[in-house]
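The residues making up each chain are set out below.
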Amino acid sequence: MHNTIRKMDIAMTGNMKLKLAFFTFILCCSAAFAQGNSKFRVVLDPGHGAKDYGAVYHGFIEKNIALNVVLKVGKILEKDPGVQVIYTRKTDVFIELGERCNIANRADANVFVSIHCNGESKKTAYGTETFVIGTTKNASNLEVAKKENAVISLEQDYKVKYAGYDPNRPESMIGLMLQQEEYINQSIDLASKVEENFTDNLKRKKRGVKQAPFLVLHKTAMPSILIELGFLSYQPEGEYLNSDAGQDELAESIAKAILAYKKEYFIPGTSDYSEPAVVNEPKATPKADKPVTKPATDNTPASSKGQSYRVQIAASGKDLETVPSNFNGLGNITKEKGASVIKYFYGETDNREEAKTLLAEAKAKGYTSAFIATFKDGKKVN
C-alpha cells in the first residue's frame, strides 16, 4: 500500500513538472511573440543587383546607387530601438522580384520600400517620383514600370513564373494586384511623405505620387512603395545621385518619412496598425443615409475644439467634390489636403459609440477598410 501511494506521488509530481514546464514554455513563446511584434519592421529593397545593372548613364550605375542609399537609410532607422530593418540585399547580388516580395512577407513587415533610379532617352527629364501599385494609361508611368519589370527576363523560367503577364498591357496586372488593394491608401500616404520630404527638405523637383504596375510590389502583403530617386540620364541629377552628399540627403529624407509614417500608423506591441481606407469608385448613386452627427461643410469640422472622431474612408491624389455621388451615397464628407494626398472623412462626433455607428455606415456603403480617426482641437492625433 505504501509503495502504491509513493508511486502515485511520484506520478503526480511528474505530471506537475510537465504542466509547469508546458506553462513556462507558453509564457516564453508568448513573450517572444509579443517582443517580435513590438518593433516596426521595415523591408528595404535596393533595386537590381549583380548581372542586372538597372539604368546606366554617364558612368552612373543604378544598382550601386540604390544599394548605397538603402544602406544609409537602414543605418538611420536602426538608431531607433523601435524599428527592425530587413534588407533584400546588402551586397551586389541578384535577387528575383518574387523573392523580394517573399522576404517582406516572411518578415511580416509593416512596410516595403524599394529604391531605384530613373532614366530616359532624351536625357532632359529630372526630379523624383514615388510609385504605388496600380494600372495606368499614362505612357511615362507605364514606361518606368516596363523598365523595372524587364529584370524578369534574367530569371530562370520567367515565362512560367509570370504566365499571363504582358508588360505592354497594364490591364494584365489587375489580377495580380488584388493583394495590394487592401493597403493602397497607406501606400499612398507613405509615398506622399517621401515626396514631401524631397521637396520641402531638399528642394528637389517633385514629379509626384503615381500608380504603375510594378511586379516587385504586387505580392507584398503590406503597404509598399517604389521610389525613383531621380534621373541618371540627366547628367547634373546623376552627379547628385552618385555623390556621397546627395545619397546622405536622400537617405535622411526617406528615413524621416518612414519614421513619420510609423508614428502615425503603428501600434507598438502588436503586429497591427491603423487600417487603411480603400478608395471605391461609385457605381451608383444611392440615397444618402442621414448621418449621426451634426452636418459639416467641405473642410469644416463639426467641432473645432476638444476631442472628436471622424471616419477616414479614403486617401487619394484626386481632389473630389464632397457630394454623395462621389462617395457611394455618403453625405457629410470633409477632406484634409496634404501636399500629395487628400484624406476624406465621413462625419464627426465627440461620442465614441456614435463614431462606431458612423464606421458601420461607411462600411455598409462599401468602404470596408474605413477606420476611426481621432482629432484634438481640429488636428488629427495618434
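Scroll up for the structure.
This structure is a prediction, so every number in the text was calculated from the model and none was measured.

Looking at the environment of Lys 63
Here Lys 63 shows up in helix α2 (residues 62-77). Judged by relative accessible area, which is 5%, Lys 63 ranks as buried. In the structure, Lys 63 is positioned 14 residues away from Gly 49 in sequence and 5.3 Å away in space, judged by C-alpha atoms. If we ignore the near neighbours within four places in the chain, the residues touching Lys 63 are Gly 47, His 48, Gly 49, Ala 50, Asp 52, Tyr 53, Arg 89 and Asp 92.

Section: unusual backbone geometry
The phi dihedral of Lys 123 falls on the positive side, at around 60°, and the residue is not glycine. Within the element layout of this structure, Lys 123 appears in the loop between β5 (111-118) and β6 (128-133). Of note, Lys 203 is a non-glycine position whose phi angle comes to about 60°, a positive value. Within the secondary structure layout, Lys 203 lies in the loop between α7 (184-202) and β7 (206-212).

A closer look at the nonpolar core
In terms of nonpolar packing, the biggest core is built from 41 residues, with Leu 44, Val 73, Ile 115, Leu 229, Ile 254 and Ile 258 touching the most fellow members. Elements that contribute at least two residues to this core include exactly β1 (40-46), α2, β4 (83-87), β5, α7, β8 (224-231) and α9 (244-265).

Observations regarding the environment of Leu 358
Along the chain, Leu 358 falls in helix α10 (residues 352-364). Using a relative accessible area of 0% as the deciding quantity, one classes Leu 358 as buried. Residues Leu 358 and Glu 348, spaced ten residues apart in sequence, show a C-alpha to C-alpha distance of 8.4 Å.

Describing the sheet that holds β7
The strands making up a sheet associate through hydrogen bonds between their backbones, and the pairing can be parallel or antiparallel. Spatial ordering of the open sheet is given by β4-β1-β5-β8-β6-β7, a layout of six strands whose pairing is mixed. The open sheet has two edge strands, β4 and β7, and neither has a second partner. Geometrically, the sheet is characterised by an average inter-axis angle of 25° between neighbouring strands, direction not taken into account. Across six bridges, the pairing between β5 and β8 is parallel. Its bridge partner lying in β8, Ile 115 is registered against Ile 227. Relative to β6, α7 is tilted by about 175°, and along the sheet it contacts β5, β6, β7 and β8. Relative to β1, α9 is tilted by about 150°, and along the sheet it contacts β1, β4, β5 and β8.

Here's the deal with helix α3 (residues 97-106)
Along α3, the residues that are buried comprise Leu 97, Arg 100, Cys 101, Ile 103 and Ala 104. On an axial view of α3, the arc spanned by its buried residues comes to 155°, and they lie on one face. Along its buried surface, α3 packs onto β1, β4 and β5. Immediately downstream of α3, the backbone of Asp 108 shows phi near 50°, a positive value.

Some thoughts on the packing of aromatic side chains
Tallied over the full model, the rule gives six aromatic pairs. Note on Phe 40 and Tyr 261: the rings are 6.3 Å apart at their centroids and 50° apart in plane angle, and the pair reads as tilted. One end of the pair, Phe 40, is in strand β1; the other, Tyr 261, is in helix α9, and 221 residues separate them in sequence. Note on Tyr 261: relative accessible area 1%, which makes it buried. Through a chain of ring-to-ring contacts, three or more aromatic side chains come together here, namely Phe 40, Tyr 261, Tyr 265 and Phe 266. Across from the ring centre of Phe 345, 5.6 Å away, lies the NZ or CZ of Arg 310, which sits over that ring. For the cation-ring pair, Arg 310 lies above Phe 375, with the distance from its terminal atom to the ring centre recorded as 3.7 Å.

About the criteria used
- Residues numbered from 1 in each chain as written.
- Predicted model: local features only at pLDDT ≥ 70, side-chain atom pairs only at ≥ 80, totals over all residues.
- Heavy atoms only, no water.
- Helix = DSSP H or I, 4+ residues; strand = E, 2+ residues; numbered from the N terminus.
- Buried < 20%, exposed > 50% of the residue type's maximum accessible area, 1.4 Å probe, protein only.
- Contact = heavy atoms within 4.5 Å.
- Core = buried A, V, L, I, M, F, W, Y, C linked by side-chain atoms within 4.5 Å.
- Pairing = 2+ DSSP bridges.
- Axes fitted to C-alpha atoms, helices over the stretch in contact; angles between N-to-C directions.
- Arc of directions from axis to C-beta.
- Phe/Tyr/Trp six-rings, centres within 6.5 Å; stacked < 30°, edge-to-face > 60°.
- Lys NZ or Arg CZ within 6 Å of the ring centre and 35° of its normal.

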